[in-house]
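Descriptive analysis of the structure
Letter by letter, the chains look like this.
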Amino acid sequence: MKDDSHYRKIGFKCGLEIHQRLATDRKLFCECLSDINASDKSIGHVTRKQRAVAGELGSIDRSAEFEEGKDRTFKYHIFRDRTCLVDIDEEPPHGINMQAFMVALSLSQAMGMKPVDEAQPMRKEVVDGSDPSAFQRSVLVALNGQIKVGSASVGVPSLFIEEESSGIEREEGNLISYNTDRLGIPLIEIDTDPTIPTAKAAKEIALYIGTLIRVSGMAQRGIGSIRQDVNVSISGGARVEIKGLQEIDTMDRFIDNEIDRQENLIRIRDTLVKRKASVGRPKNVTRAFANTKSKVLRSSLDADGRVMAIPLHGFKGLLGTEVNPNRRLGSEISDYAKTAGVHGIIHSDEDIASYSITKEELAHMRKELSITEHDSFIIVGGKEGQAEKAASRSAWRASQAMVGIPVETRGVNNVELCTTRFLRPLPGGSRMYPETDAHPIPIHSMLMEQAAGSAPSIEKEREFLGAKLTNKAYAEQLLTSPRLQLFKAVTTKTNVEPNFAASVILQKLTELGRQGVNVSSIREDRILEMFREYDMERITKQAIDEILKSLGREDEPVDSIIKKHSLSRMHRHEISALVAQAEKEGKADANAIRKELMSKYRLRIDGEELNSILASKVS
């Protein structure tokens, strides 16, 4: 564990970008439904290639140029009611969704931000395939806010509302398939200054902002509906963006691992500088492996491919140096090679014999590369063009090891170990240009008054929950729970006792999830239906488990489940008749009657009501 002084000593800088989908009825720039229905089947598809173009400043963004270089093909599945011509860029955008815009404006007020005078939709170039149009519409709403979480005070320089990207469905070589049902759903982006003091503070601030959005009542639920991008750097290192963290619980571990990675890479750099290391130009060494028995290289050669090699002078022993758990300098270089479409690299710090590469083949290759036993090398096999590109990117990344840490966007590599891998170069401002097909939105005083009146407040929500619940632990759990709005709906639309409702929402659903029930698929309106049935005394507490299990298997109305599984609560006269029948059969002991009836009708008999009937018999 790192203490606060350690972060100060290493020149730690950290900022967050919080992205949250909104639960609006419609998408941001069209009238398509903005919910994602997993049971929907696509009704067709379009296929496209994408290329980078110059932004408003006249230059091409390097991350876009890098993605174009992958030369991939994208297939987009379209859905009835959830995809339209706007989504696939065959029709201009419609007017902005004002419901979503007002949510963004009210959130900005909750963080003390200054709205812009006129919100101008912009296009942000995205050529990784996640948008069929190769751009994402983004609208700057407000600037220069401030939040205080614990002892940390951090600036909030910008808040955007933008379109969500498509959801990746499948990746097969250079063909990537996307689903467009989530494309264009309103997405809030809240950015912080890079002044967060520690990894723990980053986690607390992310939790605070996520809670603020949920308190607004407009946060969409589900896997991937909230994502955190974390920007990290240290003195002597470089700014690195860790993209798409979905679990706040492990955010601090990802940040600390990134610190360790940069510190280890700096140590490697210092060693390479002392050794006066150098990286040679990639060379075609196919001839050295013409008769190889290595399956890895043979598969490339049999497909009329190439074997490329890179001489690394002074690198001996460093390619195998660990920079993160189960990640080495060789892994960092391999990430770059993989972006060219190859499966990876072979390097000299590995067990070369395990690849069935002979000493003779190595000797031949070393001669062609003009390296000795004291130098290192990288071997890359692949199709013609692919192998050369992979070798070129590997050589570039190896040369950066002598400089320090490249500025990168990185993604999650291993969830358990909290490690990351290279995705692409860090994007810049060159990918922004105006959206000339969408009108600007003036932010006048009436909008500001409305936004200020609906601004969410975590403190007010905490007071509300404290007044509703005698169980204070439930109150704190609900405050950060994605099911907060469900609890509020249950307690305002039914007379169900709040502590009982909280126990089902917080504990019962978690317990069933651990038992294998697909609780994430259960619609919240179905849970509200269930509580209404309970409130009207149509089901017992004991039946709730069975109803939730059934909803986890198949979505259907709760009254249908009650009928199908015979879960309707027995009326008092029915229970009295059963008690009388038991007495008629010679059972006089109340405990014996209770045990028999509950064993037969546990899900249909309310225990308290049965006890009341038995007590009246005894009296």
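Cut-offs and rules
- Residues numbered from 1 in each chain as written.
- Predicted model: local features only at pLDDT ≥ 70, side-chain atom pairs only at ≥ 80, totals over all residues.
- Heavy atoms only, no water.
- Helix = DSSP H or I, 4+ residues; strand = E, 2+ residues; numbered from the N terminus.
- Polar contact = N/O pair within 3.5 Å; in protein donor to acceptor, adjacent residues only side chain to side chain.
- Contact = heavy atoms within 4.5 Å.
- Domains from an automatic or database assignment.
- Buried area = accessible area lost by both parts, 1.4 Å probe.
- Salt bridge = Lys/Arg side-chain N within 4 Å of Asp/Glu carboxyl O.
- Expected span 1.5 Å × (residues − 1).
- Buried < 20%, exposed > 50% of the residue type's maximum accessible area, 1.4 Å probe, protein only.
- Core = buried A, V, L, I, M, F, W, Y, C linked by side-chain atoms within 4.5 Å.
- Disulfide = S-S within 2.5 Å.
- Phe/Tyr/Trp six-rings, centres within 6.5 Å; stacked < 30°, edge-to-face > 60°.
- Lys NZ or Arg CZ within 6 Å of the ring centre and 35° of its normal.

Here we come to the side chain of Ser-106. Tracing the sequence through the fold places Ser-106 in helix α3 (residues 98-110). At a separation of 2.9 Å, a polar atom in the side chain of Ser-106 contacts the main-chain carbonyl oxygen of Val-103. Residues contacting Ser-106, with those up to four places away along its chain left out, are Ala-451, Ser-454, Ala-455 and Pro-456.

Turning our attention to the domain arrangement of the protein chain. What the domain assignment reports for the protein chain is domain 1 (12-239), domain 2 (273-411), domain 3 (457-564) and domain 4 (572-618). On a C-alpha basis, the centroid separation for the pair domain 3 and domain 4 is 29 Å. Taken together, the contacts link 4 residues of domain 3 with 7 residues of domain 4. Summed over both partners, the interface of domain 3 with domain 4 buries about 410 Å², with 54% contributed by carbon and sulfur atoms. It is Thr-540, Gln-542 and Glu-546 in domain 3 that bury the most area against domain 4; as a group they hold 84% of the surface buried on that side. Applying the counting criterion to the domain 3 and domain 4 interface returns 0 salt bridges.

Here helix α4 (residues 199-215) contains 17 residues, and its C-alpha end-to-end distance of 24 Å stays within 8% of the 24 Å for a straight helix at 1.5 Å per residue. Where burial is concerned, most of α4 is hidden: 12 out of the 17 residues are buried. Considered for burial, the residues of α4 that qualify are Ala-199, Ala-201, Ala-202, Ile-205, Ala-206, Ile-209, Gly-210, Thr-211, Leu-212, Ile-213, Arg-214 and Val-215. Count one or two residues on from α4 and you reach Gly-217, which has phi positive near 80 degrees.

This part covers the pattern of salt bridges. When their charged atoms lie close together, side chains carrying opposite charge are able to pair. What the rule picks out here adds up to 50 salt bridges. Glu-90 is the salt-bridge partner of Arg-48, the closest N and O atoms lying 3.0 Å from each other. Here Glu-90 lies in the loop between β3 (73-78) and α3 and Arg-48 lies in strand β2 (residues 44-48), a separation of 42 residues in the sequence. In this structure Glu-90 comes out as exposed when scored by relative accessible area, which is 51%. Residue Glu-332 pairs with Arg-261 through a salt bridge whose shortest N-O separation is 2.6 Å.

So, about the nonpolar core. As a rule of thumb, nonpolar side chains are buried together in soluble globular proteins. If you look at the biggest cluster of nonpolar residues, it comprises 131 residues, and the most contacted ones within it are Phe-101, Ile-161, Ile-255, Met-530 and Phe-531. When residues in this core are grouped by element, the largest group, 9 residues, is from α4. Leave out the neighbours within four places in its chain, and Ile-255 touches Phe-12, Cys-14, Ala-199, Ala-202, Val-230 and Val-232.

A complete count under the given rule lists 0 disulfides for this structure. Free of any disulfide, Cys-30 has its nearest neighbouring cysteine sulfur in Cys-84, separated by 3.7 Å. For Cys-30, a relative accessible area of 5% translates into the label buried. A disulfide-free cysteine, Cys-84 has its sulfur positioned 3.6 Å from the sulfur of Cys-32, the nearest such atom.

Before going further, it helps to spend a moment on unusual backbone geometry. Notably, Asp-71 is not glycine yet its phi reads approximately 50 degrees, a positive angle. Topologically, Asp-71 is positioned in the loop between α2 (62-68) and β3. Residue classification places Asp-71 among the partly exposed residues on the basis of a relative accessible area of 46%. Unusually for a residue other than glycine, Asn-144 sits at a positive phi of about 55 degrees. One can find Asn-144 in strand β7 (residues 135-149).

Quick look at the environment of Val-46 now. Tracing the chain through its elements places Val-46 in strand β2. Along the chain, Val-46 and His-6 lie 40 residues apart, while their C-alpha atoms are 52 Å from each other. Not counting residues within four places of it along the chain, the set of residues in contact with Val-46 comprises Phe-74, Lys-75, Tyr-76 and Ile-88.

This part is about the packing of aromatic side chains. Evaluated as defined, the whole model comprises 8 aromatic pairs. When the centroid spacing of 3.8 Å and the interplanar angle of 15 degrees are considered together, the rings of Tyr-336 and Phe-422 count as stacked. Linking Tyr-336 in helix α7 (residues 329-338) with Phe-422 in strand β22 (residues 419-425), this pair joins segments that are 86 residues apart in sequence. Taken together, the ring pairs in this structure connect Phe-66, Tyr-336, Trp-396 and Phe-422 into an aromatic cluster. The ring of Phe-29 is capped by Arg-137, whose NZ or CZ atom sits 5.8 Å from the centre of that ring. Sitting over the ring of Phe-500, Lys-541 keeps its end group 4.9 Å from the ring centre.

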